[in-house]
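Take a look at the letters that make up each chain.
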Amino acid sequence: MRLRNIPGSREEIAANPYAIKEEPAEGVEVCIRLHKMGDKKSDEGGRLVLGDWKVKGHWDEVFGNSNPIRIEIGMGKGAFIMEQARRNPDMNFVGIEKYSSVLLRALQKQDEEQLPNIRFIRMDAEYINDVFAEGEVDRIYLNFSDPWPKAKTAKRRLTSHQYLDRYDKILKVDGIVEFKTDNVDLFDFSLEEIEASKWNLIAVTRDLHADAAMNEGNIMTEYETKFSALGQKICKLIINR
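Treat the numbers as computed from the prediction; the structure is a model and nothing was measured.

Calculation notes
- Residues numbered from 1 in each chain as written.
- Predicted model: local features only at pLDDT ≥ 70, side-chain atom pairs only at ≥ 80, totals over all residues.
- Heavy atoms only, no water.
- Helix = DSSP H or I, 4+ residues; strand = E, 2+ residues; numbered from the N terminus.
- Rg over C-alpha atoms; globule rule 2.2 N^0.38 Å.
- Buried < 20%, exposed > 50% of the residue type's maximum accessible area, 1.4 Å probe, protein only.
- Areas by Shrake-Rupley, 256 points an atom, 1.4 Å probe, with all protein chains shown as cover.
- Lys, Arg positive; Asp, Glu negative; His and termini not counted.
- Charge placed at Lys NZ, Arg CZ, Asp CG, Glu CD.
- Axes fitted to C-alpha atoms, helices over the stretch in contact; angles between N-to-C directions.
- Parallel < 35°, antiparallel > 145°, perpendicular 65-115°, else oblique.
- Left-handed = near helix turned anticlockwise from the far one by under 90°.
- Contact = heavy atoms within 4.5 Å.
- Nonpolar A, V, L, I, M, F, W, Y, C, P; charged D, E, K, R; others polar.
- Phe/Tyr/Trp six-rings, centres within 6.5 Å; stacked < 30°, edge-to-face > 60°.
- Salt bridge = Lys/Arg side-chain N within 4 Å of Asp/Glu carboxyl O.
- Pairing = 2+ DSSP bridges.

Caption draft 1: Here's a closer look at the overall build of the chain. Secondary structure summary: the chain contains 9 helices and 7 strands in total. On C-alpha atoms alone, the chain measures out to a radius of gyration of 18 Å, which is about the 18 Å that the 2.2 N^0.38 rule sets for 241 residues. In terms of overall dimensions, the chain has a C-alpha envelope of 50 × 40 × 35 Å along the principal axes. Burial analysis of the chain (241 residues in total) assigns 48% to the buried set. When the accessible surface of the chain is summed, it comes to about 12,500 Å², and 49% of that surface belongs to carbon and sulfur atoms. If you average the places of the 36 positive and of the 41 negative side-chain charges in the chain, the two averages end up 5 Å apart.

So this is what it looks like as structure tokens:
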């Protein structure tokens, strides 16, 4: 179970040099009633910047280079994306996680390693278009995302058509999305959403670790290691437009 409430975690994240600050682009509104309890309408779900962030379209300045940017949405404690950064020093990586207490764990690891090609953002993926400009992202990783099993919350699934539309705006023309899960129902839903969209299914497997081609170079997440040890098969798909 994910820890979601460590006192002072948001303040510690805000002070960390590897965490992207929630600063507004010029002319963008800032919510002055941030985190007012019981008033979702006033604080827009905890957002400070109600629109584009300062980093949008300026990630080359953040990293000091124009290397391709790859992001993981819902990165958890960061094991997967940090290993990606270690293996690919010529790529830039951004880990996105909405739970402060979980993101804090990744930042603590990064403080020890100080990988130069990775940064982190605390935010809800719903607002991803506020931080990346059109065509600014090379690849998106979705690993063991929340299945949101109830039908009324289907639009919150990270492979829903609503999110595919968001990815379409920030990905390069030849950009791709990689998705792994142990949840068969979520995987079936994802395939249906893709079939009904303009996206192309490049590769798919329902047993990743038995698929030599798709498993080559695979980086195991914490959940993947746990589920695999229990004998559960891992599903994976790769898509582009």
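Caption draft 2: Broad picture of the packing of helix α4 (residues 79–87) against helix α5 (residues 100–113). At their nearest, the axes of α4 and α5 sit 10 Å apart, and the two run at 25° to each other. One way to sum up the angle between α4 and α5 is to call them roughly parallel. Between α4 and α5 lies a crossing whose hand is right-handed. Taken together, the residues of α5 that come into contact with α4 (itself represented by Ala79, Met82 and Arg86) are Ala106, Lys109, Gln110 and Glu113. Within the contact of α4 with α5, the residues separate by chemical class into 3 nonpolar, 1 polar and 3 charged.

Caption draft 3: Focus on the packing of aromatic side chains. The tally for this structure, following the rule as stated, stands at 7 aromatic pairs. Summarising the aromatic geometry, the rings of tyrosine 163 and tyrosine 167 are spaced 6.2 Å apart at their centres and angled 40° between planes, so their arrangement reads as tilted. Here the residue tyrosine 163 and the residue tyrosine 167 both occupy positions in helix α6 (residues 161–170), the gap between them amounting to 4 residues, near one helical turn. Ring plane angle 15° and centroid distance 6.3 Å describe the contact between phenylalanine 179 and phenylalanine 187, whose orientation is recorded as stacked. Owing to a relative accessible area of 1%, phenylalanine 179 belongs among the buried residues under this scheme. The rings of Trp59, Phe63 and Phe132 are connected pair by pair, giving a single aromatic cluster.

Caption draft 4: Region of interest: the pattern of salt bridges. If you walk through the whole model with that rule in mind, you get 13 salt bridges. In this structure, arginine 241 and aspartate 168 form a salt bridge, with 2.7 Å as the shortest nitrogen-oxygen distance. With arginine 241 in the segment after β7 (235–240) and aspartate 168 in helix α6, this pair connects stretches of sequence that are 73 residues apart. Residue arginine 241 is classed as partly exposed on the basis of its relative accessible area, which comes to 25%.

Caption draft 5: Structural view of the sheet that holds strand β1 (residues 69–73). Ordered by their spatial adjacency, 7 strands build an open sheet running β3-β2-β1-β4-β5-β7-β6, and the pairing between neighbours is mixed. At either end of the open sheet lies a strand with only one pairing partner, and these are β3 (118–122) and β6 (200–205). Between one strand axis and the next, the sheet turns by 15° as a mean value, whatever way the strands run. Here strand β5 (residues 171–181) pairs with β7 via 5 bridges, running antiparallel. Looking across to β7, one finds that threonine 181 is bridged to cysteine 235. Strands in contact with helix α7 (residues 184–195) are β5, β6 and β7; relative to β7, the strand with the most contacts, it is inclined by about 15°.

Caption draft 6: Quick peek at the environment of isoleucine 96. In this structure, isoleucine 96 sits in strand β2 (residues 92–97). Isoleucine 96 gets classed as buried once you look at its relative accessible area, which sits at 2%.

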